[in-house]
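Examining the three-dimensional arrangement
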Amino acid sequence: MSGDGTTADDDPLRTAVWRLRSRACWADAAALLEPAGPETALQRASLLVERCVYTAAGWEDAEDALRTAEALAHSDDERGAAACERGYLAYAATLSAVRDRADEARAALGRAAALIAPGAAGRALLDFRRGLIAENLTRSPQAARAAYRRAHAGATAHADPLLLSGTWRHLAGLSLREGELAEARHGFAESLRIREELGYLVGTAPALVSLADTETEPEASRLREEARRLFRLLGGVPTWLAAQLAPPAPGTATA
């Protein structure tokens, strides 16, 4: 599930699900969706998998929802989308050190690649997640960059701004590692702009922290303080930011 926020033309259910999701209320959003068909079942699974990514919790609920989505999938696109979520869940478990499921993640995304046609809407999200595995599990920045660029082009072609915010952010992260500060700052700023426009609060704090890493003082501290405020507002989500946003110890000098 990538998603694109809501507009005035969206139905009330879609709007409610988006607002809950963007405020880190994934379980509440999933509860609004009854898995009567493959599309709804996949949406529920995607929400609960995303909760695992951001909180490192809720694994059993995500597995149950994903098994339902897999059982209800009939077309290649549906089976491919379910496999893409399966791979993302296994990736999240590996990255969170819950259990090493790296091989499962690669195999599931490989199945998804065989099922989702090139140029299909779901292909961009698949490419993005393959980039995540290349960057964070395989440690292959070149392969990650290629995958992110494919995802970026696909997100642009299919008008998926939330996914586009992710590709901007991760391409910028690779640029920062290579010392391309101006390019990194531009990418992080674009990612933040999109997330703020969409009202995707749960993804805004990470975008603020990333941009802060490219700025000088006092702007860097201002961005981190705003990220800290959102982090507290959302109850300490995403959990991976806890160490980065911990307030400095009393008496500690800051640059």
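So, about the overall build of the protein chain. Scanning the protein chain from N- to C-terminus turns up 12 helices and zero strands. When its helices and strands are written in sequence order, the protein chain yields α-α-α-α-α-α-α-α-α-α-α-α. By the compact-globule yardstick of 18 Å for 255 residues, the protein chain fits well, its C-alpha radius of gyration being 18 Å. Taking the principal axes of its C-alpha atoms as reference, the protein chain extends roughly 60 × 40 × 35 Å. For the protein chain, the proportion of its 255 residues judged to be buried stands at 49%. Pairs at least 24 apart in sequence give 53% of the contacts found in the protein chain among residues at least 6 apart. Carbon and sulfur atoms make up 54% of the accessible area of the protein chain, which amounts to about 12100 Å² in all.

The end-to-end C-alpha distance of helix H8 (residues 141-157) is 24 Å, a good match for the 24 Å that 17 residues give at a rise of 1.5 Å each. Three or more residues of H8 are buried, namely Ala 144, Arg 145, Ala 147, Tyr 148, Ala 151, His 152, Gly 154 and Ala 155. For H8, the elements touching its buried residues are helix H7 (121-136) and helix H9 (161-177).

Our focus in this paragraph is the packing of aromatic side chains. Following the criterion strictly, the structure yields five aromatic pairs and no others. A centroid spacing of 6.1 Å and a plane angle of 10° characterise the contact between Tyr 88 and Tyr 91, whose relative ring orientation is stacked. A residue pair is termed a helical-turn pair when its members lie 3 or 4 positions apart in one helix, as Tyr 88 and Tyr 91 do in helix H5 (residues 76-95) at three residues. Both residues of the pair, Tyr 88 and Tyr 91, count as buried.

Next up on the list: the confidence of the model for the protein chain. Of all residues in the protein chain, 93% attain a pLDDT of 70 or more, and the chain-wide mean is 93. Within the model, the stretch residues 4-8 combines pLDDT values under 50 with 11 contacts to residues more than four positions away or in other chains. In the predicted structure, residues 251-255 sits below a pLDDT of 50 and forms two contacts with residues beyond four places in sequence or in another chain.

Here we take up the side chain of Arg 145. Within the secondary structure layout, Arg 145 lies in helix H8. At 2.9 Å, the side chain of Arg 145 forms a polar contact with the side chain of Glu 178. When residues no more than four places from it in sequence are discounted, the contact partners of Arg 145 are Leu 171, Leu 174, Ser 175 and Glu 178.

This next bit is on the packing of H5 against H7. Following both chains from N to C, one finds H5 and H7 inclined at 25°, their axes separated by 10 Å at the closest point. On the basis of the axis angle, H5 is roughly parallel to H7. Of the two elements, H5 crosses H7, and the hand of that crossing is left-handed. Of the residues in H7, those in contact with Cys 84, Glu 85, Tyr 88, Tyr 91 and Leu 95 of H5 are Leu 125, Leu 126, Arg 129, Leu 132, Ile 133 and Asn 136.

Now for the pattern of salt bridges. Enumeration over the complete set of coordinates arrives at 22 salt bridges. Between Arg 86 and Glu 70 there is a salt bridge; the shortest N-O distance is 3.0 Å. Separated by 16 residues along the polypeptide, Arg 86 in helix H5 and Glu 70 in helix H4 (residues 59-72) bring together distant segments of the chain. On the accessibility criterion, Arg 86 (9% relative accessible area) is buried. For Glu 70, a relative accessible area of 31% gives the class partly exposed. Arg 185 is paired through a salt bridge with Glu 215; the nearest N and O atoms lie 3.8 Å apart. Separated by 30 residues along the polypeptide, Arg 185 in helix H10 (residues 181-198) and Glu 215 in the loop between helix H11 (201-212) and helix H12 (219-233) bring together distant segments of the chain.

Thresholds applied
- Residues numbered from 1 in each chain as written.
- Predicted model: local features only at pLDDT ≥ 70, side-chain atom pairs only at ≥ 80, totals over all residues.
- Heavy atoms only, no water.
- Helix = DSSP H or I, 4+ residues; strand = E, 2+ residues; numbered from the N terminus.
- Rg over C-alpha atoms; globule rule 2.2 N^0.38 Å.
- Buried < 20%, exposed > 50% of the residue type's maximum accessible area, 1.4 Å probe, protein only.
- Contact = heavy atoms within 4.5 Å.
- Areas by Shrake-Rupley, 256 points an atom, 1.4 Å probe, with all protein chains shown as cover.
- Expected span 1.5 Å × (residues − 1).
- Phe/Tyr/Trp six-rings, centres within 6.5 Å; stacked < 30°, edge-to-face > 60°.
- pLDDT = per-residue confidence, 0-100.
- Polar contact = N/O pair within 3.5 Å; in protein donor to acceptor, adjacent residues only side chain to side chain.
- Axes fitted to C-alpha atoms, helices over the stretch in contact; angles between N-to-C directions.
- Parallel < 35°, antiparallel > 145°, perpendicular 65-115°, else oblique.
- Left-handed = near helix turned anticlockwise from the far one by under 90°.
- Salt bridge = Lys/Arg side-chain N within 4 Å of Asp/Glu carboxyl O.

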